[in-house]
Amino acid sequence: MPAFKIDDQEVEFIPGQSVMQAALAADIYIPHLCFHEDFKAHGSCRICLVMQNGRYLSACTIPAVEGMDIINIRDDVQEQRKQLLELLFIEGNHVCPSCEKSGSCSLQSVAEFCGLLSPSLPFMYPNRSVDASHADFLLDFNRCILCELCVRASRDVDGKSVFGISGRGSNAHLVVNSADGKLVSSSFEKTDRAASICPVGVILPKHRGFKVPIGKREFDVTAINERRENDAG
Amino acid sequence: MSTGSILQANDASAIVNTVKQVMHPLFDQTYLLQYLIKIQALYACIPPAAIQTLHEKLALTEAQIKSVISFYSFLSIDYQGKYRILFSDNITDRMAGNQSLFHQLSEAIKGADASIDFTSCTGLCDQGPAMLVNGHAINRLDTQRINDIAQLVNNNESLTNWPDNLFKIEDNIRRGDIQLNARAGDGSGIKNAMNLGYQKTLQILQNSGLRGRGGAGFTTAKKWQLCKQSEAVQRYVVCNADEGEPGTFKDRVLFNSSAHSVIEGMTICAYVIGAQKGFIYLRGEYLYLLEHLNDVLQRRREAGLLGQKILGKLNFKFDIEVHLGAGAYICGEESALIESLEGKRGMPRIRPPFPVTEGYKNQPTVVNNVETFWSVSRILLKGSNWFNKLGTKESTGTRLLSISGDCERPGIYEYPFGVTLQKIVEDCGGIETQAVQMAGAAGNTVLARDFDHQVSFEDLSTGGSFILIGGNRNLLDMLTNFADFFKHESCGFCTPCRVGTSLIADTLHRFEKGQGCSGDLQHLKKVLKLMQKSSFCGLGSSAPTAFLNVLENSPDVFDCGMSVESAEIYFDLNAATAEYKKITEPGEKGI
Ligand SMILES: Cc1cc2nc3c(=O)[nH]c(=O)nc-3n(C[C@H](O)[C@H](O)[C@H](O)COP(=O)(O)O)c2cc1C
Ligand code: SF4
Ligand code: SF4
């Protein structure tokens, strides 16, 4: 099998695999948010950037090539990731202590892994709404990082295209495909793949608040870098 | 002028019929954007009944259709009035006084059935300030013209009856060299290519050293070769006429003055790579060129230079269709352009695969700039030596520069690569030039002390724009203008560019108000460098260039925007407590 290196460790790959896929298969953690092994690579969050030949590239979008020498965990690379995470935090309204997803949130966990403790840039405090129309699920748009995992899951697995992105630039935002734009009027169901895919606290099941106490949640038990992708529910 | 009056959007069944006519006979998803542009022109909005009809006939969800509408600046759900007036807002328009003219017109047409706003550079920088009325360009605005326009609007005069002289656009070709002085486009370039065969044609292009004129400078022969080598059901030729780089207008002039040559270049490409279908992606701002282009295409079909059996050759068929853009700079990026050609939001794709292997409809596609195709038409007539004897080692031949800003003779100049900035500034009559802005908002800001540098891919590269900044200008105004541009034009896909462009704009507006502080500059630098390194596409990675140039070479520019130099961050107490005041101040309604 052809091979390349990640942080001096030899990684074998099947031609056609991305650096991220090869890394996951070899149990090497490259921090990421918009990537998920069940879906086509997206490349929007940029958290998985790694250094190759002095340039930053996103591990999820570059094909693995024989002889590559990839740098994954090193201070300068982690620093770029920290800054990207900081941008995601200031762009939305992330009030972790009161968020049901706290402890099971990939954004929070990846930030911890990369060493981001608190942002230094000014918060943007966007004015975003909450959609509580659905009986079983809540949408809190304040926390959306536009990873489009829900868009991909609903379109490619559920065959429904319940979610989409509208607007451009800083106006880009998640929308629900229904006559009035509300979740309740869409074909969304609690058994959808899209219902359990959100890495942050936007798409949340109702009636379960604090069922698992803080301290015992997913990433409280196993840190995100020590866990296999599909372990989570 | 072809624009009729705006239709009333209150009769749903009439809308359904009109929209069906617009879609007839193709009813094709990949034409969604083209349908929407037509519907917008008819109704000054996309009415709900239209969305419903598109949804039913094209098997797209309403949310998908709305998300396409929301991506393009020239499309809207809301009614824009009988007259949609958009002032071009490039830095050159600002330097020529567009802001006060905007306010003059806003006041003068209050209450009219019209809407008025700013838009990104419309490519009339050599004859600005400029505006678009229902997509049609008007140049050389001054108080007199604004008065005339206000009167026409207030009299409810149909655009068809507006005086022709308002819509006269000039070419302003100031300096020609070998390419502008040569004639091509009558089919002899295609004939030569066909006699030579595709391999020798590629060899001539290779020897000429021609590199793409759209910005990145990829070797044209190599691009065509890669496309030809790729497995394909179909191959496509796409002419990138999005010309969104602020300050660039050479493609507009080429289409106006030598469309035949550009189309001949595309046809030669089709012959070489074996394509049967081509597109010209024309930016919406150049709507007034559409009729002319379609006319030229039709004449070439009639002359046997397009369509079936080109120049009598049985198995060579190729035709070209013009697609319009609708106000999105990112659609100049080749993979976003292809998405837009497919009728979707203009979002850049993951690369690789590059368009030469997976482009339009995932088939191998050559995307070249207008000027690149235009040069091909000449090289196939005059030979590679004629071309490569001029220029530098890595940048052969000549190229067109769009020159604007503080100079006496703005317009189009053709120069061999390697020309110094000093020479250009002298030729166009630069007025106390303190700096030149190369390659639109995304390029280098070159200070006067560096004018011995050359225009070339090795030294200072440009997509064609060359804006002169006079001694009395404040570079901070220019940067603020660019910051607004990038914030408006970022597609919003990736984290660094979506959030970064917002942060840059916020910061520069603080400096504009004299509320900047030293901490801001440190944050700014950090964010700019992050964008350069980590953005998903060229927009985000090139946007920081001018800001970093000025921060590094002329940091005192920011001094005038500083309030408390010692402070790390600025805190605006009034802004922070505004909501609270609204609730508590007497006379205001509480929650
Ligand atoms: C944000 C952005 C905008 C662009 N705009 C244009 C444009 O308006 N016209 C153009 O020809 N190329 C533009 N490009 C470059 C194209 O992606 C592509 O490289 C070019 O069309 C290839 O043609 P060429 O090889 O003839 O230069 C842009 C690139 C980026 C990243
Ligand atoms: S709702 Fe969640 S899954 Fe969907 S785009 Fe936002 S963050 Fe991603
Ligand atoms: S850099 Fe990112 S957000 Fe900016 S235009 Fe490119 S893909 Fe869109």
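Computed from a prediction, not measured in an experiment: that's the story for all the values here. (Residues numbered from 1 in each chain as written. Chains lettered and ligands numbered in written order. Predicted model: local features only at pLDDT ≥ 70, side-chain atom pairs only at ≥ 80, totals over all residues. Heavy atoms only, no water.)

1. A short note on the overall build of chain A
Assigned secondary structure in chain A consists of five helices and 10 strands. At 18 Å, chain A has a C-alpha radius of gyration in line with the 17 Å of a compact globule built from 233 residues. With 233 residues in all, chain A has 55% of them scored as buried. Contacts in chain A between residues far apart in sequence, at least 24 positions, make up 63% of those at least 6 positions apart. Surface accessibility of chain A: about 10500 Å² in total, with carbon and sulfur atoms responsible for 50%. Treating the 24 positive side-chain charges of chain A as one cloud and the 30 negative ones as another, the clouds have centres 6 Å apart. (Helix = DSSP H or I, 4+ residues; strand = E, 2+ residues; numbered from the N terminus. Rg over C-alpha atoms; globule rule 2.2 N^0.38 Å. Buried < 20%, exposed > 50% of the residue type's maximum accessible area, 1.4 Å probe, protein only. Contact = heavy atoms within 4.5 Å. Areas by Shrake-Rupley, 256 points an atom, 1.4 Å probe, with all protein chains shown as cover. Lys, Arg positive; Asp, Glu negative; His and termini not counted. Charge placed at Lys NZ, Arg CZ, Asp CG, Glu CD.)

2. A few points about the overall build of chain B
Scanning chain B from N- to C-terminus turns up 24 helices and 14 strands. Radius of gyration (C-alpha) of chain B: 25 Å, near the 25 Å computed for a compact globule of 591 residues. With respect to the three principal axes, the spread of C-alpha positions in chain B is 85 × 65 × 45 Å. For chain B, the proportion of its 591 residues judged to be buried stands at 59%. Taking the contacts inside chain B whose residues are at least 6 apart along the sequence as the reference set, 73% of them involve residues at least 24 apart. A total accessible area of about 22800 Å² is found for chain B, and carbon and sulfur atoms account for 48% of it. Averaging the coordinates of the 57 positive side-chain charges in chain B and doing the same for the 63 negative ones gives two points 8 Å apart.

3. Here we look at the packing of helix 1 (residues 12-23) of chain B against helix 2 (residues 32-43) of chain B
Residues and elements named next belong to chain B. Packing of helix 1 against helix 2 leaves a shortest axis separation of 10 Å and a crossing angle of 140°. Relative to helix 2, helix 1 is oriented oblique. Note that helix 1 runs across helix 2; the crossing there is right-handed. For the pair helix 1 and helix 2, the contacting residues are Ala-14, Ile-15, Thr-18, Val-19, Val-22 and Met-23 in the first and Tyr-35, Lys-38, Ile-39, Leu-42 and Tyr-43 in the second. Considered class by class, the residues forming the contact of helix 1 with helix 2 number nine nonpolar, one polar and one charged. (Axes fitted to C-alpha atoms, helices over the stretch in contact; angles between N-to-C directions. Parallel < 35°, antiparallel > 145°, perpendicular 65-115°, else oblique. Left-handed = near helix turned anticlockwise from the far one by under 90°. Nonpolar A, V, L, I, M, F, W, Y, C, P; charged D, E, K, R; others polar.)

4. A look at the interface of chain B and chain A
Taken together, the 37 residues of chain B in the interface contact 33 residues of chain A. For the pair chain B and chain A, the summed buried surface comes to about 3000 Å²; carbon and sulfur atoms form 59% of the total. Where chain B meets chain A, there are two salt bridges. For Arg-498 of chain B, the salt bridge goes to Glu-91 of chain A, with nearest N and O atoms at 2.6 Å. (Buried area = accessible area lost by both parts, 1.4 Å probe. Salt bridge = Lys/Arg side-chain N within 4 Å of Asp/Glu carboxyl O.)

5. Brief notes about the sheet that holds strand 1 (residues 3-6) of chain A
Residues and elements named next belong to chain A. In space, the five strands of this open sheet follow the order 2-1-5-3-4, with mixed pairing throughout. Only two strands of the sheet have a single partner each, and these edge strands are strand 2 (9-12) and strand 4 (55-58). Adjacent strand axes in the sheet meet at a mean angle of 40° when their direction is disregarded. With four bridges joining them, strand 3 (residues 49-52) and strand 4 adopt antiparallel strand pairing. The partner of Val-50 across the bridge, within strand 4, is Leu-57. Along the sheet, helix 2 (residues 75-91) makes contact with strand 3, strand 4 and strand 5 (69-71), crossing strand 3 at roughly 150°. (Pairing = 2+ DSSP bridges.)

6. Quick notes on the site of ligand 3
Inspection of the region around ligand 3 gives 13 residues, with Cys-491, Cys-494, Cys-497, Cys-537 and Gly-540 of chain B positioned closest. Considered class by class, the residues forming the shell around ligand 3 number nine nonpolar, four polar and no charged. (Near = heavy atom within 4 Å.)

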